[in-house]
Amino acid sequence: MTQPVLFLCDMAAVSLLVFGLYFPRHRRRDLVVAYLGVNVGVVAVASSLSAGGADTGLGLGLALFGVLSIIRLRSTELDQHEVAYYFSALALGILGAVDTDQVWRSVGLMAMVLLALYVGDHPRLLRKYRHQVMVLDAALPDHAALVAHLEQTLGARVHKATVQRVDMVNETTVVDVRYHSAPGPRGGGGGQTHALATRP
């Protein structure tokens, strides 16, 4: 009797994860399909193979995490928050598939996964912290000068700047910068700056 209850709880949990948390915040339709497919696939496979007992269920869970980690490494690059949703969908599937006498324990763990994603990916959490890969139209091998240039250009406090490439011939610098945005107008800077990628 517990297995159908767990199936229903998993369907409710993954629906909340995908349609209540992920899609309203990030709007990637292709990953909606991926998260639902991973969850339902794990539930189907794990529930069929977990009849061997708790040890089999534990081994199955670890095996699924390992296989899907390999798939993750060979697939299109995902941002870290998308990886978190990916493995949360997987975890919900395992919790919903493994039959147990402690239904409320599994339901509680599902709720804990959802709560962690709700808080950790909340738009208001650390919202002023930013991450960009930038191309500067100046060769700046000196780290202090680079940080000063970035802070003036971004109008923000730079916490970390990792130089990826300095081109002394074409006078460009490619830098991975993590900074804390500050209110007010941005500084003028010594030259034009192009942002290649931005991650909150």
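All of these numbers come straight from a predicted model, not from anything done at the bench.

Draft legend 1. Layout of the overall build of the chain. Each helix and strand in the chain was counted, giving six helices and four strands. Ordered by position in the sequence, the α and β elements of the chain form the string α-α-α-α-α-β-α-β-β-β. Counting across all 200 residues of the chain, residues that qualify as buried make up 34%. Long-range contacts, defined as pairs at least 24 residues apart, comprise 68% of the intrachain contacts of the chain with a sequence gap of at least 6. Carbon together with sulfur atoms contributes 61% to the accessible area of the chain, which is approximately 11,800 Å² in total.

Draft legend 2. How the structure looks around helix H1 (residues 2-26). Along its 25 residues, H1 runs 34 Å from first to last C-alpha, staying within 8% of the 36 Å computed at 1.5 Å per residue. At Leu16, H1 shows its maximal kink, close to 25°. Within the span of H1, buried status applies to Gln3, Leu6, Asp10, Ala13, Val14, Leu17, Val18, Leu21 and Tyr22. The elements touched by buried residues of H1 are helix H2 (29-49), helix H4 (80-97) and helix H5 (103-120). Following H1 by one or two positions, Arg27 has its phi on the positive side, about 60°.

Draft legend 3. A look at the packing of aromatic side chains. Applying the stated rule across the entire model yields five aromatic pairs. The interplanar angle of 90° and the centroid separation of 5.1 Å between the aromatic rings of Tyr22 and Tyr35 together place this pair among those described as edge-to-face. A residue pair is termed long-range when its members are at least 10 positions apart, and Tyr22 in helix H1 and Tyr35 in helix H2 qualify at 13 residues. Grouping residues by exposure puts Tyr22 and Tyr35 together as buried. Summarising the aromatic geometry, the rings of Tyr22 and Tyr85 are spaced 5.0 Å apart at their centres and angled 70° between planes, so their arrangement reads as edge-to-face. Of the two residues, Tyr22 is situated in helix H1 and Tyr85 in helix H4; the sequence distance between them amounts to 63 residues. Residue classification places Tyr22 among the buried positions, given a relative accessible area of 0%.

Draft legend 4. Examining the pairing of strand S2 (residues 156-167) more closely. With ten bridges connecting them, S2 and strand S3 (residues 172-181) associate as antiparallel partners. Each residue of the ladder has a partner; that of Ala161, found in S3, is Val177. Taken together, S2 and the strand that follows it, S3, pair antiparallel across an intervening segment of four residues, in which Glu171 is found at a positive phi of about 55°.

Draft legend 5. Up close: the environment of Phe7. You can see Phe7 is positioned in helix H1. By relative accessible area, Phe7 is classed as partly exposed at 28%. Setting aside anything within four residues of it in sequence, one finds Phe7 in contact with Val43, Ser47, Gly96 and Ala97.

Draft legend 6. Region of interest: a nonpolar patch on the surface. Where nonpolar side chains cluster on the molecular surface, the patch consists of Leu115, Tyr118, Val119, Leu125, Leu126 and Tyr129 and spans about 590 Å² of accessible area. Top contributing element to the nonpolar patch by residue count: H5, with three residues. Following the sequence through the fold, Leu115 ends up in helix H5.

So, how was this worked out
- Residues numbered from 1 in each chain as written.
- Predicted model: local features only at pLDDT ≥ 70, side-chain atom pairs only at ≥ 80, totals over all residues.
- Heavy atoms only, no water.
- Helix = DSSP H or I, 4+ residues; strand = E, 2+ residues; numbered from the N terminus.
- Buried < 20%, exposed > 50% of the residue type's maximum accessible area, 1.4 Å probe, protein only.
- Contact = heavy atoms within 4.5 Å.
- Areas by Shrake-Rupley, 256 points an atom, 1.4 Å probe, with all protein chains shown as cover.
- Expected span 1.5 Å × (residues − 1).
- Bend = angle between axes of the 7 residues up to and from the residue.
- Phe/Tyr/Trp six-rings, centres within 6.5 Å; stacked < 30°, edge-to-face > 60°.
- Pairing = 2+ DSSP bridges.
- Patch = residues over 30% accessible without salt bridge, like charges linked within 9 Å, V, L, I, M, F, W, Y side chains within 5 Å.
- Salt bridge = Lys/Arg side-chain N within 4 Å of Asp/Glu carboxyl O.

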